[in-house]
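# Summary of the model geometry
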Amino acid sequence: MPRRYFPMSTDDQLRFPDGFLWGAATAAYQIEGGADAEGKGPSIWDTFSHTPGKVFHGDNGDVACDSFHRYGEDIALLKRLGVGSYRLSLSWPRIQPTGRGEVNAKGLDYYNRVIDGLVEAGIEPSVTLYHWDLPQALQDAGGWANRDIADWFGEFAAIAGEAFGDRVSRWITLNEPWVVAHVGYRDGRHAPGIQDPALAVAANHHLLLAHGNAVSALRASSAAPVGITLNLTVERPVTPEAAAHAAVLEARQNGVYLDPIFHGRYPELLDGDASFSPAAAGHVRDGDFEIIGAPLDFLGVNFYAPHYVGMLHADGEPRRGETVTGPDTVSIQPDGLPITAMNWLVEPGSIRELLTRIVAPVTGALPVYITENGSSWHDYVTQDGQVNDLERIAYLRGHLAAVHGAIADGVPVKGYFAWSLLDNFEWAEGYAKRFGLVYVDFATQERLLKRSGEVYASIVAANALPK
Ligand SMILES: OC[C@@H]1[C@@H](O)[C@H](O)[C@@H](O)c2nc(CNc3ccccc3)cn21
């Protein structure tokens, strides 16, 4: 990969390339509330969050950050941050209450208000079509395990493209299809809460078909660039013996999306493994890879933390910091690395490794956006009304420096979206885990810019990271 030179740093700061896109991200179910407002149909997360035992503390997204009503406050906060773009997602059941056919005009009206407000504020709308909140009526028809969903999603994409395509600056078809398939259908920690590897591997393939149909539908209805967002993993073997296992884990999470999209096949490393490879499970039909491989304008990458993996000791006993993950494998929490409130490791160099070792060899000159990166900490408001989230600031600075390093290595990273603009509904963790640059008091819905938000705003304004 050619090393790209531009005056990227001076003695006291790391300067990002001119035109680098700074943003912040959210998702519909996590911030909107208005769960049944103005004709919105139920989503699988409405169902899941109201199912006892599924979400911490019994939390749900009925109100969330009340952005259905307070989107103007959110836009004002985006302006305060000075970001060039806001990554939001559309609630499919707010636009199509049953996921097929009838369109809810009031649902379109809401997103028109938000998108018009962003455009008026000079902030580019980066719109994710699907961020996990499937219409419940489609789940009742099999959800992502039903191959017909590829057509249902294509229809939804066409509606969105025709309604908003004249003002959207970039489209993301899916957010993290791996989580949708494997956390929703394999381990069941997320909606729809299914634990069935066969359905998970089917969903893996149908999500890609749906993605391909959405690319075509958006191309027909909007001039804006189109991409997909993948949560790619960095698996670090702690011994040479664990290297093969690490490669399999990366194939199971990265390869099952990167390879079909960019290489027209599933990972050879998974050949014969019907529980992870849709090809081995018999889901691939003639013409599928032509649909899935629709050329993209960019790749979105979500990344938070690396994983360390090793082999179980001969005595079969996991050591301190080791968790058994298979007959002879363990995941490892290395000593000495900070961990966030989500128990995720803080190791900024891993995002540079992800971009240089895993992404760039596949995407080449294709633009890459970090569509999510951030951290959760035990934030609180001090007596003098501040949130001094120093750990989040350290995480942010470390990861931006590493992204800067990847750019210097020649990876064409064109933008960075902080996760998240707001503290919000953190899926199965409910409101207990805060990722926002803005603190939300859920009792009053008051928003308060954290110290990290102030620091991010200064980085954005300078297009540089002070050393
Ligand atoms: O958990 C933080 C965010 C979440 O709020 C976003 O909606 C979602 O896009 C997101 N993805 C990840 C990374 N991947 C992941 C892996 C397993 C379960 C959940 C998320 C983190 N996050």
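For the structure given in this document, a descriptive report is provided here. Since this is a predicted model, take the numbers as computed values, not measurements. (Residues numbered from 1 in each chain as written. Predicted model: local features only at pLDDT ≥ 70, side-chain atom pairs only at ≥ 80, totals over all residues. Heavy atoms only, no water.)

With that settled, consider the sheet that holds strand β7 (residues 235-237). Spatial ordering of the open sheet is given by β7-β9-β11-β10, a layout of four strands whose pairing is mixed. If you trace the sheet from one side to the other, it starts and ends with β7 and β10 (322-324), each paired once. If you compare each strand with its neighbour and ignore which way they point, the axes differ by 35° on average. Taken together, the three bridges between β10 and strand β11 (residues 329-332) define a ladder with antiparallel strand orientation. Of the residues in β11, the one forming a bridge with Glu322 is Ile332. Packing of helix α10 (residues 243-263) onto the sheet brings it into contact with β7, β9 (307-311) and β11, and relative to β7 it is tilted by some 175°. (Pairing = 2+ DSSP bridges. Helix = DSSP H or I, 4+ residues; strand = E, 2+ residues; numbered from the N terminus. Axes fitted to C-alpha atoms, helices over the stretch in contact; angles between N-to-C directions. Contact = heavy atoms within 4.5 Å.)

Residues Trp144 and Trp171 are the most contacted members of the largest nonpolar core, which totals 124 residues. The next biggest cluster of nonpolar side chains, apart from the first, holds 14 residues, and it includes Phe298, Trp377, Tyr395 and Trp419. (Core = buried A, V, L, I, M, F, W, Y, C linked by side-chain atoms within 4.5 Å. Buried < 20%, exposed > 50% of the residue type's maximum accessible area, 1.4 Å probe, protein only.)

Every one of the 16 residues lining the ligand counts as a neighbour, but Gln30, His131, Glu176, Glu372 and Glu426 are closest to it. A distance of 2.8 Å separates an oxygen atom of the ligand from a polar side-chain atom of His131. Separating a nitrogen atom of the ligand from a side-chain N or O atom of Tyr304 is a distance of 3.5 Å. Considering only residue class, the shell around the ligand consists of seven nonpolar, six polar and three charged. (Near = heavy atom within 4 Å. Polar contact = N/O pair within 3.5 Å; in protein donor to acceptor, adjacent residues only side chain to side chain. Nonpolar A, V, L, I, M, F, W, Y, C, P; charged D, E, K, R; others polar.)

Close approach of charged atoms lets side chains of opposite charge pair. Under the counting rule described, the total for this entry stands at 29 salt bridges. A salt bridge links Arg434 to Asp423; its shortest N-O distance comes to 2.6 Å. With Arg434 in the loop between β13 (413-419) and β14 (438-441) and Asp423 in the loop between β13 and β14, this residue pair connects regions lying eleven residues apart in the sequence. On the basis of relative accessible area, Asp423 is assigned to the buried category, the value being 0%. A single salt-bridge network, built from bridges that share partners, covers Asp379, Asp389, Arg392, Asp423, Arg434 and Lys450. (Salt bridge = Lys/Arg side-chain N within 4 Å of Asp/Glu carboxyl O.)

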